Amino acid sequence: MQTGRWLPLFVLVCPCLVAGSAQAEPLAEMAGTQSVCRSGPDRAVAKAQLLRGEAGVLSAAVLPNPSLHVEHQQSMQGATDRETIVGISVPLGLGGRRWLLQDAAEARRQQALAEAHLTLFDSALAFRQAYVTASIDRARVELLTAEQAALDAVSTTIAQLAKGGEAASYDKLRQATLARLHQQSLELAKAQELASRTMLEVWTEREVTLPPQSLAVLGGGATVEALKLDGRATPDVESLRARARAAELEARAARRRWVPDLGLFAGYRNVRAGSETGHGVGLGLEIPLTFFDRGQGEAAMADAEQQSARSAVVRVLQGRKVQLKAARANLTRLEAIVSTTEATSRDALLVRDKALQLYRAGEASITELLEAFQVAEAAQLAALEVAREAALGRLAVMRAAGTMFDAALDRECRALSGGAQ
């Protein structure tokens, strides 16, 4: 029997032709991921994170405002005596806090940039996971559709046999019952496929059709030979290190508050005593007394944040090493059993074809035939499951390593360089 002989190809190929608009350009995984990084829903979030960092730099660069000082004194009794002073008071900022805070703001900007990159990276991986799910769901629908056709064709085989009486009625009932049960599974698979494809359409804001894809390369890029971390900076690590640097600078700036921030006053002085009027200048120096608040409380808070960030870096790096080791071990195992699942699927189909031949010859029962159909389908579905887990395993390696192992894709998902983008 020829029906269903092409089914083993599902282990290698996912015919992802979705019913819909024939004009819709098929969405490839890599192109879809680039689109999500370039204009997806999380792009705006990444921009807002970057703008927050830019705003901090702008705020730290703003000079403190001068103060307008106006003073008038006049005697109420005795000789007429009047004095008016008008001038400007300017903070000198000799303590050096301003420059430290500017450096801290730049570090916060780097933190925001790393967080924006991390947002896009997580978004890209989430999309790729959704793409893998949609591809496997579509492959499952195609597989079950072909199996349904093969199972329905058994009824024709039963009708062509010379069998009669109760035996023929029993065989037809068994076949029809299993076919109806299988049809229910097919309808459920179609519903799941529609849901997963709709998820892609939400991501991309367009009608999605999936091109024929090799299941072996879904989630491609990462392999069991993935790079070791060795402390390599990834977006989350970069963010934590920038946060620690900013907190360190803020602590130093806070401690500089023990140095009095001098204020210089200069202005015009008008003095009138009786009928005489004198003109001159007024000079003043304001020296805050740092007896109580020397920035110790602010510095302590910044020190605590710095320690927290540095501890988090160690924890993240250690956790990622564990995750990467586990993900690589899992992927190694999955890739090793791909060939086994392919062979099992092929053998199960041969057994099914042989069972159909024996049934036609009267040497096998309907029970044996239907069991062969079920085993063949289970073997092919198992192969699809392995393909899905292998694709997700590659994505897990990417997540642990902090890279998609594709230079162009990594650049696309790290393209934020300014708030104007």
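Our subject is the structure that appears above.
A brief report on the enclosed structure follows. As the structure is a prediction and not an experimental result, all values here were calculated from the model. (Residues numbered from 1 in each chain as written. Predicted model: local features only at pLDDT ≥ 70, side-chain atom pairs only at ≥ 80, totals over all residues. Heavy atoms only, no water.)

## Thoughts on the overall build of the chain
Link 1 in the chain: Scanning the chain from N- to C-terminus turns up eight helices and six strands.
Link 2 in the chain: Along the chain direction, N to C, the helices and strands of the chain fall in the order β-α-α-β-β-α-α-β-α-β-β-α-α-α.
Link 3 in the chain: Taken across its 421 residues, the chain has 41% of its residues classed as buried. (Helix = DSSP H or I, 4+ residues; strand = E, 2+ residues; numbered from the N terminus. Buried < 20%, exposed > 50% of the residue type's maximum accessible area, 1.4 Å probe, protein only.)

## Notes on the state of the cysteines
Link 1 in the chain: A full pass over the atoms with the stated rule returns one disulfide.
Link 2 in the chain: Put simply, Cys 37 and Cys 413 are joined by a disulfide, and their sulfur atoms are 1.7 Å apart. Note on the Cys 37 and Cys 413 pair: the S-S dihedral is about 75 degrees, so by sign convention the disulfide is right-handed. With a gap of 376 residues between them, Cys 37 in helix α1 (residues 29–39) and Cys 413 in the segment after α8 (407–412) connect regions that are remote in the sequence.
Link 3 in the chain: A relative accessible area of 0% places Cys 37 in the buried class. (Disulfide = S-S within 2.5 Å.)

## Digging into the layout of surface pockets
Link 1 in the chain: Approximately 480 Å³ is the volume attributed to the largest pocket.
Link 2 in the chain: Contributing to the lining of the largest pocket are 23 residues, with Pro 64, Gly 93, Arg 97, Arg 98 and Asp 261 lying nearest its centre.
Link 3 in the chain: Mapped onto the lining of the largest pocket, the elements with two or more residues apiece are α2 (41–61) and α3 (97–160).
Link 4 in the chain: Looking at which element gives the most residues to the lining of the largest pocket, the answer is α3, with four residues.
Link 5 in the chain: Looking at the lining of the largest pocket residue by residue, the classes come out as 12 nonpolar, five polar and six charged.
Link 6 in the chain: Of the pockets and cavities examined, the second largest pocket occupies roughly 190 Å³.
Link 7 in the chain: Taken together, Leu 118, Phe 121, Asp 122, Thr 234, Pro 235, Asp 236, Val 316, Gly 319, Arg 320, Gln 323, Arg 399 and Gly 402 make up the lining of the second largest pocket.
Link 8 in the chain: Going through the elements one at a time, α3, α5 (235–255) and α6 (296–360) are the ones with two or more residues in the lining of the second largest pocket. (1 Å grid on protein atoms, 1.4 Å probe; cavity = no way out; pocket = protein on both sides within 12 Å on 5 of 7 lines; lining within 4 Å. Points joined across faces, edges and corners; volume = space filled by probe spheres on them. Nonpolar A, V, L, I, M, F, W, Y, C, P; charged D, E, K, R; others polar.)

## Regarding the sheet that holds strand β3 (residues 81–91)
Link 1 in the chain: As summarised here, the arrangement of the four strands in space is β2-β3-β5-β6, forming an open sheet in which the pairing is antiparallel. Two strands bound the open sheet, and with one partner strand each, they are β2 (67–74) and β6 (276–286). Neighbour-to-neighbour, the strand axes of this sheet turn through a mean angle of 15 degrees, independent of strand direction. (Pairing = 2+ DSSP bridges. Axes fitted to C-alpha atoms, helices over the stretch in contact; angles between N-to-C directions.)

## Focus: the packing of α3 against α5
Link 1 in the chain: Orientation of α3 relative to α5, taken along the N-to-C sense of each, is 165 degrees, at an axis distance of 8 Å. Compared by their axis directions, α3 and α5 come out roughly antiparallel. In the packing of α3 onto α5, the handedness of the crossing is left-handed.
Link 2 in the chain: Residue composition of the contact of α3 with α5, grouped by class: 12 nonpolar, four polar and 10 charged. (Parallel < 35°, antiparallel > 145°, perpendicular 65-115°, else oblique. Left-handed = near helix turned anticlockwise from the far one by under 90°.)

## Focus: the packing of α6 against helix α7 (residues 366–401)
Link 1 in the chain: With their axes 7 Å apart at the nearest point, α6 and α7 run at an angle of 160 degrees to one another. Classified by the interaxial angle, the pair formed by α6 and α7 is roughly antiparallel. The interaxial crossing formed by α6 with α7 has left-handed handedness.
Link 2 in the chain: Here the residues of the contact of α6 with α7 sort into 26 nonpolar, seven polar and eight charged.

## Focus on the pairing of β3
Link 1 in the chain: By the bridge criterion, eight bridges tie β2 to β3 in an arrangement that is antiparallel. Paired with Ser 67 across the strands is Ser 89, a residue of β3.
Link 2 in the chain: The pairing of β3 with strand β5 (residues 263–273) spans 11 bridges and is antiparallel. Its bridge partner lying in β5, Asp 81 is registered against Ala 273.

## Remarks on a nonpolar patch on the surface
Link 1 in the chain: Nonpolar side chains collect at one region of the surface, where Leu 92, Leu 94, Leu 264, Leu 285, Ile 287, Leu 289, Phe 291 and Phe 292 lie side by side and expose about 900 Å² of accessible area between them.
Link 2 in the chain: As for its placement among the helices and strands, Leu 94 is situated in the loop between β3 and α3. (Patch = residues over 30% accessible without salt bridge, like charges linked within 9 Å, V, L, I, M, F, W, Y side chains within 5 Å. Areas by Shrake-Rupley, 256 points an atom, 1.4 Å probe, with all protein chains shown as cover. Salt bridge = Lys/Arg side-chain N within 4 Å of Asp/Glu carboxyl O.)

## Observations regarding unusual backbone geometry
Link 1 in the chain: Located in the positive-phi region is Glu 205, a residue other than glycine, with phi close to 55 degrees.
Link 2 in the chain: Tracing the backbone shows Glu 205 in the loop between α4 (165–204) and β4 (213–214).
Link 3 in the chain: We note that Phe 405 has phi near 55 degrees; this positive angle belongs to a residue other than glycine.
Link 4 in the chain: Examined against the element boundaries, Phe 405 turns out to sit in the loop between α7 and α8.

## Considerations on the nonpolar core
Link 1 in the chain: Counting 31 residues, the largest nonpolar core has Phe 127, Tyr 131, Val 132, Leu 200 and Met 404 as its most contacted members.
Link 2 in the chain: Only α1, α2, α3, α4 and α7 provide two or more residues apiece to this core.
Link 3 in the chain: Of the residues forming this core, the biggest block, 12 residues, is contributed by α3.
Link 4 in the chain: Core analysis: the next-biggest nonpolar cluster, separate from the first, contains 16 residues, Leu 151, Leu 369, Leu 370 and Ala 372 among them. (Core = buried A, V, L, I, M, F, W, Y, C linked by side-chain atoms within 4.5 Å.)

## A closer look at the pattern of salt bridges
Link 1 in the chain: Per the counting criterion, the structure on display carries 27 salt bridges.
Link 2 in the chain: In this structure, the salt-bridge partner of Arg 52 is Glu 115, at a minimum N-O distance of 2.5 Å. Of this pair, Arg 52 sits in helix α2 while Glu 115 sits in helix α3, placing them 63 residues apart in sequence.
Link 3 in the chain: Measuring nitrogen to oxygen at the nearest pair gives 3.8 Å for the salt bridge that ties Asp 122 to Arg 399. With Asp 122 in helix α3 and Arg 399 in helix α7, this residue pair connects regions lying 277 residues apart in the sequence.
Link 4 in the chain: One salt-bridge network, in which partners are shared between bridges, spans Arg 108, Arg 243, Glu 250 and Glu 305.

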